[in-house]
Amino acid sequence: MTPRMLTVWISAAMVVVLVVAWVLHRRADARPELPALSAFAQQVDLTPLDRIAVQQEGRLKSFASYASSMMHFVSGPHTINGNTDTFTYLDLMLRPEAYDDADAIFVKNKPIRSEIVAALHRSLDEELTTRRMDGTPGIDGGDVAVRGEFDRRMERFRRTGMISSAMLGDPHVTRLLDLMERDLIRTAKAVGLIRTALGVMHPAVLKENLRIVPPPGGGVDDPWLTVEAIASATPAAEQGSVDAVVGTFGELTEGWRQQDPQRVNDAVARLAALLPAVSPAHYPATARLGWESWYFKARNMTWVWVVYLLSVILLVMAFVYRWPAARWLGLGVFLAAFGLHTFALALRWYVSGRWPNANMFEAVTTSAWFGACLALLLEVFVRRSPMQNLFALASGIASMIALMCVHFLPVYLNPNISNKMPVLHDVWLYIHTNVIIFSYCLIAMAAVSAVTYVLYRLGGGRADYVQAGGAGTLIQKGPSGKTQLAAEGSSAGQVLDGATMVLMELAFVMLWTGLVMGAIWADHSWGRPWGWDPKEVFALNTFIILALLVHVRLKVVDKGLWTALLAIAGCAVMLFNWIFINFVIVGLHSYA
């Protein structure tokens, strides 16, 4: 395959990535059309709330982080009326009547959306039939207008998943949801999410969960209180500061209901200053709360995938054409992407108080970061080898895809910071889990070089492979003091095959180590080292494919092609394990 042909193949793949990104951006589960913000929403300033802490499930969050996690239950990945989650939370709590017929609830399951639309159609037909029988004047002309508006709204619902609580309260829809709730396998979980959304958006629930007042004179682990509950729970000696908080919150409430932005802004600023003074010793640092709020406003920095994409474009040119300028520019942009990625990971670690690997969002982003770390290290080793640029390229593509997933699929990869499940409070979380997700990223990186090798062969490339194989091509030097690849004047096929073997050998060792560590942890936590849990089984299946790769390579003639095909198969099984097993099949590892 000529360099020009290889460039065409890889460029086509990049175009596909950009098209997919554009489609996901346009859809993002089809974002609803946002109306212009109200004058009140434009004038109200809620930034002082970024310095307010809220206790949720034992963890102290910034108000913005807390509001984001609560609104995720209601509207999923969407905003309501284009407002921030902080604004929407307060508006739902203080002016619930404004949302009676607002499309505020997200229905994730598309088949259920269609069933709800059909139920609402039946309800509308009955209503219009009743009006005709009653002889309502102008019903024929009104019928057309009503149906037209209804059909447009139902089309928006099918596309975006957003519907009002009033429509969900329709008798036909209520009966439908009751029936679906009985189907424990197919629809009960989805209906449960709808009922959760209806419950969370209730003003009483929002008020009860808004625990923003630290207990005066209490301990670090004592539960925080709502503004309504604080007055009766405060010692007489500390009543003054509490009265000020209660009075200021009342001002905020009245100003909000009257849509008076100046009154609200003054109350918010005073509240942000008063709350830490109630119990200064137990209030979290303002800097941490501010960084947590910024992190969520910056969309968890998942947009770094764009920087990785830029590095991939430059590294492709460096790999294909051996342009020194493209190499250094590509590595520079890759380092910038890695730096931003590292900052996002460290910031999440700082605000959550734990290493970020306790849920799917964190596992995906941390896995990609591990791969980037190894890629930089390998680039140092192969800086004078024909494999230079290839590991950074593979990591750039893997990291780009990982961050695209968490950026465009927040419904499935929830970015909100939550507490660890009890079983995860163990040192093995930091050993077993990190080793496993590291191996998964290596498998993905190996698939990148393997796919490139297959494209090379499809374009007429020779059936080349490295004789030493794998890590040997890095560490075994010949009489000239150079590695085998450099000494041979190696072809593109040998370089790609060598990179695939390096990554697959490392993944093979790390995956086996992770499986053994997982068995130790399982024996420690669950009393048995192996239980045929779906995730255990498919992690083992992935390892078996890697073991087959090692042994098949010893026997087959076309070693490069079989290595590439098995590396791609191993990646497919790994992705099945990480995606299908996590989201569809329930098991002991459903949290991972």
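To keep things clear, this report deals only with the structure shown in the data block. Counting of residues starts from 1 at the beginning of each chain's written sequence and follows it residue by residue. It should be noted that, the model being predicted, local features are given only for residues of pLDDT at least 70 and side-chain atom pairs only at 80 or more, the latter also being counted only at that level, while totals for whole chains, interfaces and linings use all residues. Note that water and hydrogens are dropped before the side-chain values are worked out from all heavy atoms of the structure.

Another aspect to go through is the overall build of the protein chain. Secondary structure is summarised from DSSP: a helix means a run of H or I of at least four residues, a strand means a run of E of at least two, and numbering begins at the N terminus for each. Broken down by element type, the protein chain carries 24 helices and four strands. Categorising residues by exposure relies on relative accessible area from a 1.4 Å probe, with only protein chains included: less than 20% of the type maximum marks a residue as buried, more than 50% marks it as exposed, and the intermediate range marks it as partly exposed. Each of the 592 residues in the protein chain was classed as buried or not, and the buried ones make up 52%. Restricting to contacts in the protein chain with at least 6 residues of sequence separation, those with at least 24 account for 75%. Summed over all atoms, the accessible surface of the protein chain reaches about 26,400 Å², with 65% contributed by carbon and sulfur. Note on contacts: a residue pair qualifies if any of its non-hydrogen atoms lie within 4.5 Å across the two residues. Here the accessible surface of atoms and residues is derived via Shrake-Rupley with a 1.4 Å probe, and residues count as covered only by protein chains that are part of the display.

Before going further, it helps to examine the packing of helix α17 (residues 360-381) against helix α18 (residues 390-408). Angle between the axes and distance between the axes: these two values describe a pair of packed helices. To get an axis, fit a line to the C-alpha atoms, keeping to the stretch in contact for a helix; angles then go from 0 to 180 degrees between the N-to-C directions. Taken N-terminus to C-terminus, the directions of α17 and α18 make an angle of 170°; their axes are 9 Å apart at the nearest point. In terms of orientation, α17 and α18 fall into the roughly antiparallel class. The crossing of α17 and α18 is left-handed. Packed against α17, whose contacting residues are Phe-361, Val-364, Thr-365, Ala-368, Gly-371, Ala-372, Ala-375, Leu-378 and Glu-379, the element α18 presents Leu-390, Phe-391, Ala-392, Ser-395, Ser-399, Ala-402, Leu-403 and Val-406 at the interface. Taken together, the residues of the contact of α17 with α18 break down into twelve nonpolar, four polar and one charged. Small angles under 35 degrees read as roughly parallel and large ones over 145 as roughly antiparallel, with 65 to 115 read as roughly perpendicular and the rest as oblique. Here a crossing is taken to be left-handed if its near helix is turned anticlockwise relative to the far helix by less than a right angle, and right-handed if that turn runs clockwise. Residue type decides the class: Asp, Glu, Lys and Arg count as charged, Ala, Val, Leu, Ile, Met, Phe, Trp, Tyr, Cys and Pro as nonpolar, and the leftover types, Gly among them, as polar.

A separate point is the nonpolar core. To qualify as a nonpolar core, a set must consist of buried Ala, Val, Leu, Ile, Met, Phe, Trp, Tyr and Cys residues joined through side-chain atoms within 4.5 Å. Counting 86 residues, the largest nonpolar core has Tyr-308, Phe-391, Tyr-440, Ile-443, Met-445, Leu-511 and Trp-578 as the members making the most contacts within it. If one sorts the elements of this core by residue count, helix α19 (residues 428-458) sits on top with 15 residues. Those residues within four positions of Tyr-440 in sequence are excluded, and the remaining contacts are Leu-511, Ala-539, Met-574, Asn-577 and Trp-578. Counting 74 residues, the second largest nonpolar core, distinct from the first, contains Tyr-89, Val-117, Ala-190 and Phe-249.

Attention now goes to helix α15 (residues 305-321). Helix length check: α15, at 17 residues, gives a terminal C-alpha distance of 24 Å against a target of 24 Å (1.5 Å per residue), a fit within 8%. Within α15, twelve of the 17 residues are buried, which leaves the element mostly enclosed by the surrounding structure. Residues Trp-305, Val-307, Tyr-308, Leu-309, Ser-311, Val-312, Leu-314, Leu-315, Val-316, Ala-318, Phe-319 and Val-320 constitute the buried set of α15. Arg-322 occupies a position one or two residues after α15 and carries a positive phi of about 60°. Expected helix span is taken as 1.5 Å per residue step, with the number of steps being one fewer than the number of residues.

The aromatic pairing rule takes the rings of Phe, Tyr and Trp, using the six-membered ring of Trp, and pairs them if the centres are within 6.5 Å, calling planes under 30 degrees apart stacked, those over 60 edge-to-face and the rest tilted. In total, this model carries 26 aromatic pairs according to the counting rule given. Ring geometry for Trp-291 and Phe-343: centres 5.9 Å apart, planes at 75°, overall edge-to-face. A residue pair is termed long-range when its members are at least 10 positions apart, and Trp-291 in helix α14 (residues 286-297) and Phe-343 in helix α16 (residues 324-352) qualify at 52 residues. Overall, Phe-343 belongs to the partly exposed group, its relative accessible area being 35%. The side chain of Arg-327 reaches across the aromatic face of Trp-328, ending 5.0 Å from its centre. Lysine NZ or arginine CZ positioned within 6 Å of the ring centre and within 35 degrees of the ring normal marks a charge as sitting over the ring.

This part takes up the state of the cysteines. Pairs of cysteine sulfur atoms within 2.5 Å are what we label disulfides. Counting across every chain of the model gives zero disulfides. Free cysteine Cys-571: the closest other cysteine sulfur is in Cys-441, separated by 9.9 Å. Among the residues examined, Cys-571 registers a relative accessible area of 10% and is labelled buried.

Glancing now at unusual backbone geometry. For Asn-300, which is not glycine, the phi torsion reads 60° and is therefore positive. When you line up the elements, Asn-300 lands in the loop between α14 and α15. Notably, Asn-389 is not glycine yet its phi reads approximately 80°, a positive angle. Within the secondary structure layout, Asn-389 lies in the loop between α17 and α18.

What follows concerns a nonpolar patch on the surface. On the surface, Leu-409, Tyr-412, Leu-575, Phe-576, Ile-579, Phe-580, Phe-583, Val-584 and Ile-585 cluster together into a nonpolar patch covering about 730 Å² of accessible area. Structurally, Tyr-412 is set in the loop between α18 and α19. Take Tyr-412: its relative accessible area is 42%, and that puts it in the partly exposed class. Candidates for patches are residues over 30% relative accessible area with no salt bridge; among them, like charges are joined within 9 Å and nonpolar side chains (Val, Leu, Ile, Met, Phe, Trp, Tyr) within 5 Å. Salt bridges are defined by distance alone: a side-chain nitrogen of Lys or Arg within 4 Å of a carboxyl oxygen of Asp or Glu.

The next point concerns the environment of Ser-367. If you trace the backbone, Ser-367 turns up in helix α17. Relative accessible area serves as the criterion here: at 2%, Ser-367 is assigned to the buried category. Taking C-alpha positions, Ser-367 is 8.5 Å from Ser-399, a pair spaced 32 residues apart along the chain. With sequence-adjacent residues up to four places away left out, Ser-367 is seen in contact with Ile-437, Cys-441 and Trp-578.

What follows deals with the environment of Glu-115. As for its placement among the helices and strands, Glu-115 is situated in helix α5 (residues 110-133). For Glu-115, a relative accessible area of 39% puts it in the partly exposed group. On a C-alpha basis, the gap between Glu-115 and Val-173 in space is 8.6 Å, while along the polypeptide they are 58 residues apart. Discounting residues that sit within four places of it in the chain, Glu-115 has contacts with Leu-176 and Met-180.

One pass over the full model with this rule turns up 20 salt bridges. Of the charged contacts in the structure, one is a salt bridge between Glu-379 and Arg-327, with a shortest N-O distance of 3.7 Å. Of the two residues, Glu-379 sits in helix α17 while Arg-327 sits in helix α16, which places them 52 residues apart along the sequence. The same class applies to Glu-379 and to Arg-327, which are both buried. If you follow the salt bridges from partner to partner, you end up with Arg-59, Arg-288 and Glu-292 in one network.

So, about the pairing of strand β1 (residues 53-56). Covered by surrounding structure in β1 are Ala-53 and Gln-55 together with Val-54 and Gln-56, the residues of both alternating faces. Where β1 meets strand β2 (residues 59-62), four bridges bridge the pair, whose relative direction is antiparallel. Looking at the pairing, Gln-56 lines up with Arg-59 of β2. Strand pairing is defined by DSSP finding a minimum of two bridges between the two strands. Counting the residues in the hairpin turn of β1 and β2 gives two residues, including Glu-57, whose phi is positive at 55°.

With respect to the helices, strands and loops of the structure, Arg-354 is situated in the loop between α16 and α17. Looking at Arg-354, its side chain comes within polar contact range of the side chain of Glu-362, at 2.8 Å. Here a polar contact means two N or O atoms within 3.5 Å. Within protein one must be a hydrogen donor candidate and the other an acceptor candidate, and residues neighboring in sequence count only if both atoms are side-chain atoms. A polar side-chain atom of Arg-354 sits 2.9 Å from the main-chain carbonyl oxygen of Ser-418.

Looking now at α16. Here α16 spans 41 Å end to end across 29 residues, near enough to the 42 Å set by a 1.5 Å rise per residue. Gly-353 sits one or two positions beyond α16 and adopts a positive phi of about 75°.

With that out of the way, let us pick up the environment of Trp-256. With respect to the element layout, Trp-256 can be found in helix α12 (residues 239-257). Residues in contact with Trp-256, not counting those within four places in the same chain, are Phe-40, Val-44, Leu-46, Phe-87, Leu-90, Asp-91, Leu-94, Arg-95 and Val-264.

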